[in-house]
Amino acid sequence: MPPIHVIGGGLAGSEAAWQIAQAGFDVVLHEMRPVRKTEAHQTDGLAELVCSNSFRSDDSEQNAVGLIHHELRQLGSLIMASADANQVPAGSALAVDRHGFSDAVTKALEEHPRITISRDEVAGLPPEDWEKVIIATGPLTSPALSEAVLAKSGEDALAFFDAIAPIVHFDSIDLDKAWFQSRYDKVGPGGTGKDYLNCPMDKEQYEAFIDALIEGDTADFKEWEENTPYFDGCLPIEVMAARGRETLRHGPMKPMGLTNAHNPDVKPYAVVQLRQDNALGTLYNMVGFQTKLKYGAQGDIFKMIPGLENAQFARLGGLHRNTFLNSPKVLDGTLRLKADPRLRFAGQITGCEGYVESASVGCMAGLFAIMEAKGQDIITPPQTTAMGALLGHITGGHISRDDGAGKPRSFQPMNVNFGLFPLVEAPTKDADGKRIKGKEKSKAKKLAMTQRAKTDFAVWQAQIGPVREAAE
């Protein structure tokens, strides 16, 4: 049969292509870099990480992201295998050496006998003789393709701003002021409990820092950008500061769970954390410090942070515009465009947010394409699973209602979270018969959700098992 075309070599497209090829079908993976570059990418590698190196929590019992990690691993995910092989210490999170990760994905796809990688831009709608297509072009979809899809769907795309955090050279950080510690000394995959660098601030330093952020010179918006909202999961730090002087102290700069190794008797008023960004440990990412500040302002303001007075930046922060579909209206329950069912979508363009989520939607799109190619009924994962819950949000879980200002709320990108899962019956008493309260009650509820998810996922995986066999 003709090959299945996958447009876009990010995490979603790479995972979709891998799943299809592993099932025995031919794939042509189209990646426009380096023929056409984007505002955010720096290399020509497939599955390049541009915003953060963290795959976030790897805890599959208490965290929805960790649960998606588990589900992807069960499906033989290339993205998760490459992440696991290139992990760097990051407390309770799974973080990776970005370049090693991309190199591993690129090598696996280039060497697969069923995959052809085509370095070209698909400008406009795919040719009619491409019978099956997965569009996984991400938030930086080329204008020509984006406009063609929108014209076909009859719906306007929504857009939001996504900001990138700065990266600092490790040897420029003052370790007489900064210290290594994970919050609450928590040990994560490959970690030691001392996986973050922490820079403390007293109240006076924090107040001066907030003033500088609010007054800092930021990038100007173009006319078409002025009414574009931010995605709340990736707000620029100066935007958070402007929302309230204490916002950062209860967000990325919270001091809880940290003790200054240089002055343990004095509790920091605020703390800036940096996370290892590469396997060599030579680069550290400023956690939660996405920004739209101009480069000159970034250098001046971030050097106000104790320990970063002489910081050398490998990359300063930046801002780019993300585009995604009004998926509940234009896509069906298996991610196909209602106006042209030969086109299936995957990744961030569908309205999921986050690297892991993007890969999981790519994985589902690949599996759905396999079932379709074999003439089988498409079985979607139950909404009780992490992947099923995310798919439900994308294809119909959003409820439009008035925001109180006379405007209907629109579909917005979403990270996977337990709020997308159906309610679950959780135990109310412990093994001794005592009533579970407080944090333990929350833990019991999350554990009940993840246990149910794993059971239901195993059942679903058994149902779709035949699609994983090589095609005849």
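A quick note: this is a predicted structure, and the numbers were derived from the prediction, not measured. (Residues numbered from 1 in each chain as written. Predicted model: local features only at pLDDT ≥ 70, side-chain atom pairs only at ≥ 80, totals over all residues. Heavy atoms only, no water.)

Undergrad: Can you help me understand the sheet that holds strand β7 (residues 133-135) in this one?
TA: Sheet strands associate in pairs through backbone hydrogen bonding, adopting either a parallel or an antiparallel arrangement. One open sheet accounts for six strands, arranged β6-β2-β1-β7-β17-β16; its pairing is mixed. With partners counted over all chains shown, the strands left at the sheet margins are β6 (115-118) and β16 (336-337), one partner each. Relative to strand β17 (residues 340-345), β16 runs antiparallel, the two being bridged by two bridges. When the sheet's bridge partners are listed, leucine 337 is paired in β17 with aspartate 340. (Pairing = 2+ DSSP bridges. Helix = DSSP H or I, 4+ residues; strand = E, 2+ residues; numbered from the N terminus.)

Undergrad: Explain the nonpolar core to me, please; I cannot follow it from the model alone.
TA: If you look at the biggest cluster of nonpolar residues, it comprises 81 residues, and the most contacted ones within it are Leu11, Ile20, Phe55, Phe101, Phe345 and Phe421. Examining the composition of this core, we find that twelve residues originate from one element, helix α10 (residues 355-373), more than from any other. Those residues in contact with phenylalanine 345 that sit more than four places away from it in its chain are Ile135, Val149, Leu325, Leu331, Leu335, Leu337, Thr350 and Ala365. Grouped together as the second largest cluster of nonpolar side chains are 32 residues, Ile173, Met240, Tyr269 and Ile305 included. (Core = buried A, V, L, I, M, F, W, Y, C linked by side-chain atoms within 4.5 Å. Buried < 20%, exposed > 50% of the residue type's maximum accessible area, 1.4 Å probe, protein only. Contact = heavy atoms within 4.5 Å.)

Undergrad: How should I be thinking about unusual backbone geometry in this particular structure?
TA: Leave glycine aside and you will find that most residues have negative phi; peptide bonds, for their part, are mostly trans. If you check the backbone angles, arginine 56 has positive phi at about 65° while not being a glycine. Topologically, arginine 56 is positioned in strand β3 (residues 54-57). Positive phi, normally seen in glycine, also occurs at leucine 335, with a value near 75°. Here leucine 335 shows up in the loop between α9 (327-330) and β16. Using a relative accessible area of 0% as the deciding quantity, one classes leucine 335 as buried.

Undergrad: Even after reading the chapter, I still don't get the packing of aromatic side chains, so can you show me in this structure?
TA: How two aromatic rings sit relative to each other is set out by the distance from centre to centre and by the angle between their planes. Summed over the entire model, instances satisfying the criterion amount to nine aromatic pairs. Here the aromatic rings of phenylalanine 170 and tyrosine 284 are separated by 5.5 Å at their centres, their planes lie at 35°, and the arrangement is tilted. Placement of the pair is phenylalanine 170 in the loop between β9 (167-169) and β10 (179-180) and tyrosine 284 in strand β13 (residues 283-286), with a sequence separation of 114 residues. Residue tyrosine 284 is classed as buried on the basis of its relative accessible area of 5%. The rings of Phe209, Phe289, Phe302 and Phe313 are connected pair by pair, giving a single aromatic cluster. Between the NZ or CZ atom of arginine 249 and the centre of the ring of tyrosine 269, over which it lies, the distance is 3.8 Å. (Phe/Tyr/Trp six-rings, centres within 6.5 Å; stacked < 30°, edge-to-face > 60°. Lys NZ or Arg CZ within 6 Å of the ring centre and 35° of its normal.)

Undergrad: Would you mind showing me how to read the side chain of serine 153 here?
TA: Secondary-structure assignment places serine 153 in helix α5 (residues 143-153). For serine 153, a relative accessible area of 17% corresponds to the buried category. Beyond its immediate chain neighbours, meaning those up to four positions away, serine 153 contacts Val330, Leu337 and Ala339.

Undergrad: Would you explain the pattern of salt bridges in this entry?
TA: Two side chains that carry opposite charge are able to pair once their charged atoms sit near each other. Enumeration over the complete set of coordinates arrives at 18 salt bridges. In this structure, glutamate 111 engages lysine 107 in a salt bridge whose closest nitrogen and oxygen atoms are separated by 3.0 Å. Separated by four residues within a single helix, glutamate 111 and lysine 107 lie in helix α4 (residues 98-111), roughly one turn from each other. Salt-bridge contacts for glutamate 309 lead to lysine 177; the nearest nitrogen and oxygen are separated by 2.7 Å. With glutamate 309 in the loop between α8 (295-302) and β14 (313-315) and lysine 177 in the loop between β9 and β10, this residue pair connects regions lying 132 residues apart in the sequence. Classification of glutamate 309 by relative accessible area gives partly exposed; the value is 29%. We classify lysine 177 as partly exposed; its relative accessible area is 35%. (Salt bridge = Lys/Arg side-chain N within 4 Å of Asp/Glu carboxyl O.)

Undergrad: Is there a simple way to think about the side chain of threonine 291 in this case?
TA: Inspection of the secondary structure assignment puts threonine 291 in the loop between β13 and α8. A polar side-chain atom of threonine 291 sits 2.9 Å from a polar atom in the side chain of glutamate 238. Those residues in contact with threonine 291 that sit more than four places away from it in its chain are Ala163, Ile164, Pro236, Ile237, Glu238, Gln298, Phe302, Gly317, Gly318 and Leu319. (Polar contact = N/O pair within 3.5 Å; in protein donor to acceptor, adjacent residues only side chain to side chain.)

Undergrad: Looking at this structure, how should I read the packing of helix α2 (residues 64-74) against helix α12 (residues 438-464)?
TA: Packed helices, taken two at a time, are described by the angle between their axes plus the distance between the axes. Following both chains from N to C, one finds α2 and α12 inclined at 20°, their axes separated by 11 Å at the closest point. The angle between α2 and α12 places the two elements in the roughly parallel class. Both α2 and α12 take part in a crossing whose hand is right-handed. Listed contacts from α12 to Leu67, His70, Glu71 and Gln74 of α2 are Thr450, Ala453, Lys454, Phe457 and Gln461. Partitioning the contact of α2 with α12 into residue classes produces three nonpolar, four polar and two charged. (Axes fitted to C-alpha atoms, helices over the stretch in contact; angles between N-to-C directions. Parallel < 35°, antiparallel > 145°, perpendicular 65-115°, else oblique. Left-handed = near helix turned anticlockwise from the far one by under 90°. Nonpolar A, V, L, I, M, F, W, Y, C, P; charged D, E, K, R; others polar.)

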